[in-house]
Amino acid sequence: MSSSVQRKRVRKTPEARRAEIVETAARVALTEGLECVTLRRIAEELAVRPGLISHYFPSAEDLVGEAFSVAATGELDALLPADRPHGTPTQWLARYFALSAGEAYDDISRLWINARHLSRYRPVLRDRVTEQELASDDRLEQVIREGVARGEFRTDDPRATAIQILVVLDGLGAHANSDRTDRPAAVTRMALTTAERELGLPHGALTDVPAPAPTPAPPEPA
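Only a predicted model underlies this, so the values are computations on that prediction, with no experimental measurement involved.

So, how was this worked out
Residues numbered from 1 in each chain as written. Predicted model: local features only at pLDDT ≥ 70, side-chain atom pairs only at ≥ 80, totals over all residues. Heavy atoms only, no water. Helix = DSSP H or I, 4+ residues; strand = E, 2+ residues; numbered from the N terminus. Buried < 20%, exposed > 50% of the residue type's maximum accessible area, 1.4 Å probe, protein only. Phe/Tyr/Trp six-rings, centres within 6.5 Å; stacked < 30°, edge-to-face > 60°. 1 Å grid on protein atoms, 1.4 Å probe; cavity = no way out; pocket = protein on both sides within 12 Å on 5 of 7 lines; lining within 4 Å. Points joined across faces, edges and corners; volume = space filled by probe spheres on them. Nonpolar A, V, L, I, M, F, W, Y, C, P; charged D, E, K, R; others polar. Arc of directions from axis to C-beta. Contact = heavy atoms within 4.5 Å. Salt bridge = Lys/Arg side-chain N within 4 Å of Asp/Glu carboxyl O. pLDDT = per-residue confidence, 0-100. Expected span 1.5 Å × (residues − 1).

1. Structural notes on the environment of Asp106
Considering the arrangement of structural elements, one finds Asp106 in helix 6 (residues 106–118). Taking the relative accessible area as the measure of exposure, Asp106 reaches 6% and is therefore buried. On a C-alpha basis, the gap between Asp106 and Ala174 in space is 9.4 Å, while along the polypeptide they are 68 residues apart.

Written out as structure tokens, the structure is:
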């Protein structure tokens, strides 16, 4: 008589299950596009029934909006953390530009292109895009304000300066699907040039800047 051993299923808390669904949807959105975020597709990724996904997200539009928000927030936190106990505003801004350039940033640029296009037809996503745009404005404005307070930057309007920088970055990111091998160096560093000009910095002040010191790890319990 044959026998089989069944794997014990681990029941996840509702919070853990919802987080798993959203993280999976965010990954699909980044790698394949928001159009691929469907209840059925995420169920397949997690090897569960679509009914489980719809229990947490009755509408696919809600899941798409949440997936975009999680991916965009993760990008912002990686580029410019809200908590910056070490380093100067100049160091953090230089790090921000270094990380937001090159092919490694293309996936998130494509996601923003995708989200802004689809938001014309999807009100839930439109609201999430607006929220994330404001969050980016706020985060960069705060760094600029800190730099002004420390005498590192000079600008009469940190908010307007932050938005100018982000508009240029968005414009450059809009070419994430294009061949950029022949792009002039002056265009490649256009966001840096804009920041240096608007913040009263000399040319090159935001390049080759030492990275902020890492946060020390908490001591292990005795």
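More follows now that the structure is in view.
2. Observations regarding unusual backbone geometry
Unlike most non-glycine residues, Ala47 shows phi in positive territory, near 55°. With respect to the element layout, Ala47 can be found in the loop between helix 2 (39–46) and helix 3 (50–56). In this structure, Asp208 is a non-glycine residue whose phi angle is positive, near 55°. With respect to the helices and strands, the residue Asp208 is situated in the segment after helix 10 (190–198). Residue class for Asp208 comes out exposed when judged on its relative accessible area of 83%.

3. Here's the deal with the packing of aromatic side chains
For any pair of aromatic rings, the description rests on two quantities: the centre-to-centre distance and the angle between the ring planes. Using the criterion set out here, one finds 2 aromatic pairs in the structure. On the basis of an interplanar angle of 85° and a centroid distance of 5.0 Å, the ring pair of Phe68 and Trp112 is categorised as edge-to-face. A residue pair is termed long-range when its members are at least 10 positions apart, and Phe68 in helix 4 (residues 60–79) and Trp112 in helix 6 qualify at 44 residues.

4. Some points on the layout of surface pockets
In this model, the second largest pocket occupies a volume close to 360 Å³. Along its surface, the second largest pocket is lined by 21 residues, and Tyr105, Trp112, Arg116, Leu166 and Asp170 are the ones closest to its centre. Looking at the lining of the second largest pocket, the elements with two or more residues in it are helix 4, helix 6, helix 7 (123–149) and helix 8 (158–173). Top element by residues in the lining of the second largest pocket is helix 8. It accounts for 6 residues. By residue class, the composition of the lining of the second largest pocket is 13 nonpolar, 3 polar and 5 charged.

5. Notes on helix 2
Buried within helix 2 are the following residues: Leu39, Ile42, Ala43 and Leu46. Here the buried residues of helix 2 occupy an arc of 105° about the axis, which is enough to place them on one side. With respect to the buried face of helix 2, the exposed residues turned more than 90 degrees away are Arg40 and Glu44. Of the surrounding secondary structure, the elements contacted by the buried residues of helix 2 are helix 1 (14–32), helix 3 and helix 4. Positive backbone phi, approximately 55°, marks Ala47, located one or two places after helix 2.

6. Side note on the pattern of salt bridges
Using the criterion set out here, one finds 19 salt bridges in the structure. Between Glu20 and Lys12 there is a salt bridge, with the nearest N and O atoms lying 2.4 Å from each other. As a salt-bridge pair, Glu152 and Arg150 come within 2.9 Å of each other at their nearest N and O atoms. Where salt bridges share partners, they join Arg27, Glu32, Arg41 and Glu45 into one cluster.

7. Concerning the confidence of the model for the protein chain
Chain-level statistics for the protein chain give a pLDDT mean of 89 and a share of 91% at 70 or above. Residue range residues 1–8 is modelled with pLDDT below 50. Its contacts to residues more than four positions away, or to other chains, number 0 contacts.

8. Observations regarding helix 8
Between its first and last C-alpha atoms helix 8 spans 22 Å; for 16 residues at 1.5 Å apiece the expected length is 22 Å, and the two agree. Buried within helix 8 are the following residues: Pro158, Thr161, Ala162, Ile165, Leu166, Val168, Leu169, Leu172 and Gly173. An end-on view of helix 8 places all buried positions within 155° of arc, on one side of the element. On the buried face of helix 8, the contacting elements are helix 5 (89–99), helix 6, helix 7, helix 9 (185–188) and helix 10.

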